[in-house]
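# A closer look at the structure
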Amino acid sequence: MYLFLAFLMVPIIEIALFIQVGGAIGLWPTLAIVVLTAVLGTWLVRTQGRLALGQLRSSFEQLNDPTEPLAHGAMILVAGALLLTPGFFTDAVGFALLVPQIRIAVYRYLRSKVTVARFQMDPGSMHGRSYPGDNSPKPQGDVIDTDYEDVSKDRPQKGPSGWVDGQG
């Protein structure tokens, strides 16, 4: 329902703003502002995107949780789409998402609404790290913890497998 309302209300808001701004400053200045915000927005998205990509790479290199850099990257991507969409309302939301403090606030809000049970990059790379609520034993040294099931009883033991012709 929220998505339906967004698709209904955003164009109505944009049309109303175009009429108001166009009536106040004229057609050509209004169109110039729309083109200028698209160009400026593209440059800002590229700049902020490079920073977010660097933070993401850094989190992967240090084996940190990449959730926040990924969220920032996604918000920058949404900001770029909004800035390329003609309109004053979408431009305002797009420019707002390019401000790091606003992205941090949005991330914290969304993080408070989402529950992640556990995040793990690679079982072998944990080496004693613990996560909130994680009471499982931690690997020590070169120990590999695994489960197995003996399936040799289920296979017929006569002759070679079906993959070879038996000619050695």
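Residues numbered from 1 in each chain as written. Predicted model: local features only at pLDDT ≥ 70, side-chain atom pairs only at ≥ 80, totals over all residues. Heavy atoms only, no water.

### Overview of the overall build of the protein chain
Check the secondary structure of the protein chain and you find 5 helices and 0 strands. Long-range contacts, defined as pairs at least 24 residues apart, comprise 56% of the intrachain contacts of the protein chain with a sequence gap of at least 6. Carbon and sulfur atoms form 65% of the exposed surface of the protein chain, whose accessible area is close to 13,100 Å². (Helix = DSSP H or I, 4+ residues; strand = E, 2+ residues; numbered from the N terminus. Contact = heavy atoms within 4.5 Å. Areas by Shrake-Rupley, 256 points an atom, 1.4 Å probe, with all protein chains shown as cover.)

### Points about the environment of Thr42
Structurally, Thr42 can be placed in helix 2 (residues 27-61). When the C-alpha positions of Thr42 and Gly80 are compared, they lie 6.6 Å apart, and in sequence the two are 38 residues distant.

### Digging into unusual backbone geometry
The residue Leu63 is not glycine, and still its phi comes out positive at about 55°. In this fold, Leu63 is placed in the loop between helix 2 and helix 3 (67-84). Classification of Leu63 by relative accessible area gives partly exposed; the value is 32%. (Buried < 20%, exposed > 50% of the residue type's maximum accessible area, 1.4 Å probe, protein only.)

### Observations regarding helix 4 (residues 88-97)
All of the buried residues in helix 4 are Phe88, Thr90, Asp91, Gly94 and Leu97. Residues of helix 4 that are buried sit in contact with helix 1 (2-25), helix 2, helix 3 and helix 5 (100-113).

### Focus: the nonpolar core
Ranked by size, the top nonpolar core spans 9 residues in total: Val45, Ala52, Met75, Ile76, Ala79, Leu83, Leu97, Leu98 and Tyr107. Among the elements of the structure, helix 2 and helix 3 are those that each provide at least two residues to this core. With 4 residues, the top contributor of residues to this core is helix 3. With residues up to four places along the chain from it excluded, the contact list for Leu83 reads Thr37, Ala38, Gly41, Val45, Asp91, Gly94, Phe95 and Leu98. (Core = buried A, V, L, I, M, F, W, Y, C linked by side-chain atoms within 4.5 Å.)

### Structural notes on the side chain of Thr90
Within the secondary structure, Thr90 is located in helix 4. One polar contact links the side chain of Thr90 to the main-chain carbonyl oxygen of Gly87, over a distance of 3.4 Å. When residues no more than four places from it in sequence are discounted, the contact partners of Thr90 are Val10, Glu14, Leu82 and Thr85. (Polar contact = N/O pair within 3.5 Å; in protein donor to acceptor, adjacent residues only side chain to side chain.)

### Comments concerning the side chain of Thr30
Tracing the backbone shows Thr30 in helix 2. Non-local contacts of Thr30, meaning those with residues more than four positions away in its chain, are made with Phe18, Val21, Gly22, Ile25 and Phe88.

### Quick notes on the packing of helix 2 against helix 4
For the pair helix 2 and helix 4, the least separation of the axes is 11 Å and the interaxial angle reads 25°. Overall, the two elements helix 2 and helix 4 adopt an arrangement that is roughly parallel. Of the two elements, helix 2 crosses helix 4, and the hand of that crossing is left-handed. From helix 2, Thr30, Ile33, Val34, Thr37, Leu40, Gly41 and Leu44 reach across to helix 4, where they touch Phe88, Asp91 and Phe95. For the contact of helix 2 with helix 4, the per-class residue count stands at 6 nonpolar, 3 polar and 1 charged. (Axes fitted to C-alpha atoms, helices over the stretch in contact; angles between N-to-C directions. Parallel < 35°, antiparallel > 145°, perpendicular 65-115°, else oblique. Left-handed = near helix turned anticlockwise from the far one by under 90°. Nonpolar A, V, L, I, M, F, W, Y, C, P; charged D, E, K, R; others polar.)

### Things to note about the packing of helix 3 against helix 5
Viewed as axis vectors pointing N to C, helix 3 and helix 5 meet at an angle of 115°, and their least axial separation amounts to 10 Å. Crossing of helix 3 over helix 5 shows right-handed handedness. Residues Thr67, Glu68, Ala71, His72, Met75 and Ile76 of helix 3 touch helix 5, and the partners they reach there are Pro100, Arg103, Ile104, Val106 and Tyr107.

### Brief notes about the environment of Gln48
Checked against the element boundaries, Gln48 lands in helix 2. Its relative accessible area of 14% is what places Gln48 among the buried residues. Remark: the alpha-carbon pair of Gln48 and Gly73, spanning 25 residues in sequence, is separated by 8.5 Å. Not counting residues within four places of it along the chain, the set of residues in contact with Gln48 comprises Ile76, Leu98, Pro100 and Arg103.

Limitation: the analysis is restricted to geometry and does not speak to function.
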